[in-house]
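Report on the structure
As a plain string of letters, each chain reads:
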Amino acid sequence: MNVVLGVGGGIAAYKAAELARALMERGANVQVVLTSSAAEFIRPLTFAALTNRKVITDLFGSSSADEILSSSVEHIRVAQDNDVLVVAPATADLIAKFAAGLAPDFLTTLYLAFTGKVILAPAMNTNMWNHPATQENIEKLAARGNYILPPDEGLLACGTTGAGRLPDPVRIAEAVVSIGHPRKDLDGETILITAGPTQEAIDPVRFISNHSSGKMGYSIAAAAACRGARVILVSGPVNLPAPYGVELVPVKSAGEMRDAVMRHLPAATIIIKSAAVADYHVANPAPQKLKKTPARMSLELDPTVDILAEVGRNKGDRLLIGFAAETQNLVAEGRRKMETKNADMVVANLVSKEGIGFGADVNEVTLVLRTGEVIAIPRATKRAVADQIFDHALNLRLALHARS
Ligand code: PMT
């Protein structure tokens with residue numbers, strides 16, 4: 001993906017260096033354009049060193065006639081060569097110029113010539129952000145189809161607290177990659193995904209849970225959103241931010257997860273159950289904190305509802321994908337779970353294998369399909385595994401439709 005990173009002249013300009021790096025880490029080719037006031041806050045050399053490319057700083061900055069001629073059409077070349085224009089920080093001044101169609105320098109001229117996706121990450125003083133002039137300009141730009149990443153709230157450089165901080169550069173980079181993703185083959189789908197562990201209360205301060213970090217489910221959600229789906233992510237307690245564009249439904253217990261899944265099921269076209277749901281919950285959680293005593297203590301546990309099986313009974317013509325966390329007999333157990341829970345595919349995960357499964361950034365899984373196929377997905381990042389799950393899921397749905 002080719003990305004132009006336009007940097008406006010605000011105190012948050014230094015964070016654009018981190019953004020350039022985060023974009024490159026996600027495989028983007030980055031061309032940086034600095035406004036002249038941005039160049040007062042951060043030197044072009046920083047970006048040139050990070051991106052290994054010439055940084056564009058001004059429309060008519062060159063001196064010779066030849067150079068002036070070539071730089072005067074450079075904005076057209078940059079507009080044609082790139083898929084996404086992200087402006088971070090987008091200052092009130094830049095936002096006003098974009099809204100009015102003014103083009104006094106390279107970045108504003110590029111904005112007018114650009115036909116790809118435009119993403120604006122405003123950052124400024126809270127009063128400037130809240131001012132009706134800025135808000136009207138933002139509304140105008142959003143109505144034009146520009147993506148606006150609203151500023152975070154917090155302590156600002158000017159000493160006040162409120163909305164105006166540039167969002168975390170990694171979050172901006174994730175949004176750019178998602179919005180600019182070239183493949184939109186999940187457009188029109190609503191994908192319901194579960195992720196993370198559940199917590200079953202023992203008393204108000206203790207619970208039973210497991211080692212799921214949510215990384216697998218969140219990677220599936222990010223992949224689905226990038227490929228154009230509406231994504232509803234029902235998540236147990238994890239330490240991960242919601243991927244860009246995903247509707248997060250936070251839950252704690254298996255019971256809450258079941259209710260959320262059943263509530264959102266009617267809208268879904270594909271359901272993926274990667275959560276590590278507790279199989280048992282405490283029969284009678286104590287209303288107050290249990291006191292420590294020297295005596296042995298036992299907990300009485302009841303089975304939780306099997307959400308995957310319940311969805312399997314009510315799925316209609318939706319595609320249902322379950323997971324199976326196993327320590328042995330991977331394919332046989334995956335197939336048994338697919339049959340008993342009426343899933344169309346089970347992603348079997350040998351969680352006893354070193355370096356994969358719970359908590360890891362990479363995974364290695366075996367897909368067990370209703371068609372009888374068994375497909376091994378070799379070790380790769382959870383994000384890459386997620387994309388392959390979708391590739392096979394779309395083929396599987398075609399095969400199942402062809403059969404019926
Ligand atoms: O979150 P990470 O750290 O990234 O780790 C990823 C993972 C190891 C959790 C993931 O890859 C995985 O294997 N998830 C399934 C975990 C699990 O609970 O497997 P299971 O074999 O116990 O359950 C089988 C299926 O039934 C799963 O789809 C599960 O979501 C579902 N289930 C289980 C119990 C229950 N009460 N309701 C359910 O819906």
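Residues numbered from 1 in each chain as written. Predicted model: local features only at pLDDT ≥ 70, side-chain atom pairs only at ≥ 80, totals over all residues. Heavy atoms only, no water.

**Some words on the pattern of salt bridges**
Where we set the bar: By definition here, a salt bridge exists when the distance from a side-chain nitrogen of Lys or Arg to a carboxyl oxygen of Asp or Glu is within 4 Å. Using a 1.4 Å probe on the protein chains alone, a residue whose accessible area is under 20% of its type maximum counts as buried, one over 50% counts as exposed, and one in between counts as partly exposed.
Per the counting criterion, the structure on display carries 26 salt bridges. Among the ionic pairs, arginine 26 bridges to glutamate 25, the shortest N-O distance being 4.0 Å. Since its relative accessible area comes to 30%, arginine 26 is described here as partly exposed. Residues joined in a network through salt bridges with shared partners are Arg183, Asp185, Arg227, Arg383, Asp387 and Asp391.

**A word on the pairing of strand β7 (residues 161-165)**
This is how it is decided: A pair of strands is considered paired only if DSSP assigns at least 2 bridges between the two. For the purposes of this entry, the term helix denotes a DSSP run of H or I that reaches at least four residues, the term strand denotes a run of E that reaches at least two, and both are numbered from the N terminus.
Across four bridges, the pairing between strand β6 (residues 152-155) and β7 is antiparallel. In the sheet register, glutamate 153 faces β7, and the bridge partner there is alanine 163. Between β6 and the antiparallel strand that follows it, β7, lie five residues; glycine 159 among them carries a positive phi value of about 95°.

**So, the nonpolar core**
This is how it is decided: Nonpolar cores are built from buried Ala, Val, Leu, Ile, Met, Phe, Trp, Tyr and Cys residues. Side-chain atoms within 4.5 Å join them into one set. Contact definition: two residues touch when any of their heavy atoms are within 4.5 Å.
Counting 36 residues, the largest nonpolar core has Ile191, Ile272, Met345 and Leu367 as its most contacted members. A per-element tally of this core places helix α15 (residues 382-403) first, with eight residues. When neighbours within four sequence positions are excluded, leucine 367 is seen to be in contact with Met345, Val346, Val347, Glu373, Val374, Ile375, Ile377, Ile389 and His392. Counting residues in hydrophobic clusters, the runner-up holds 33 residues, among them Val7, Ala12, Ala121 and Ala123.

**Details of a nonpolar patch on the surface**
The condition that has to hold: Patches were defined on residues exceeding 30% relative accessible area and lacking a salt bridge, with like-charge contacts within 9 Å and nonpolar side-chain contacts (Val, Leu, Ile, Met, Phe, Trp, Tyr) within 5 Å. Under the convention used here, a 1.4 Å probe and the Shrake-Rupley method define accessible areas, while residue burial counts only the protein chains that appear.
Taken together, the side chains of Tyr280, Met297, Leu299 and Leu301 define a hydrophobic patch exposed on the protein surface, amounting to about 390 Å² of accessible area. When you line up the elements, leucine 299 lands in the loop between β14 (280-282) and β15 (301-303).

**Regarding the environment of serine 253**
This is how it is decided: Two N or O atoms form a polar contact when they lie within 3.5 Å of each other; inside protein one atom must be a possible hydrogen donor and the other a possible acceptor, and for residues adjacent in sequence the pair counts only when both atoms belong to side chains.
Positionally, serine 253 belongs in the loop between β12 (247-250) and α12 (254-264). In this structure the C-alpha to C-alpha distance between serine 253 and phenylalanine 207, which are 46 residues apart in sequence, comes to 9.7 Å. Here serine 253 is in contact with Thr198, Gln199 and Glu200, once residues within four sequence places are set aside. For serine 253, the side chain forms a polar contact with the main-chain nitrogen of glutamate 256, separated by 3.2 Å.

**Things to note about the site of the ligand**
Stated precisely, the cut-off is as follows: Being near a molecule or strand, for a residue, comes down to having at least one heavy atom within 4 Å of it. Ten residue types, Ala, Val, Leu, Ile, Met, Phe, Trp, Tyr, Cys and Pro, are classed as nonpolar, four, Asp, Glu, Lys and Arg, as charged, and the remainder, Gly among them, as polar.
Around the ligand, the surrounding shell holds 30 residues, and the nearest of these are Ser212, Ser213, Lys337, Asn349 and Gly359. Between the ligand and the protein, one listed contact pairs an oxygen atom with a backbone N or O atom of alanine 275 at 2.7 Å. At a separation of 2.9 Å, an oxygen atom of the ligand approaches a polar backbone atom of phenylalanine 323. Considering the ligand on its own, with 780 Å² of exposed area, one finds that the protein chains cover 96% of that surface. Listing elements by their share of the shell around the ligand, those giving two or more residues are α11 (215-226), α13 (307-313), β16 (319-326) and α14 (330-341). No other element matches β16, which puts four residues into the shell around the ligand. Residue composition of the shell around the ligand, by class: 13 nonpolar, ten polar and seven charged.

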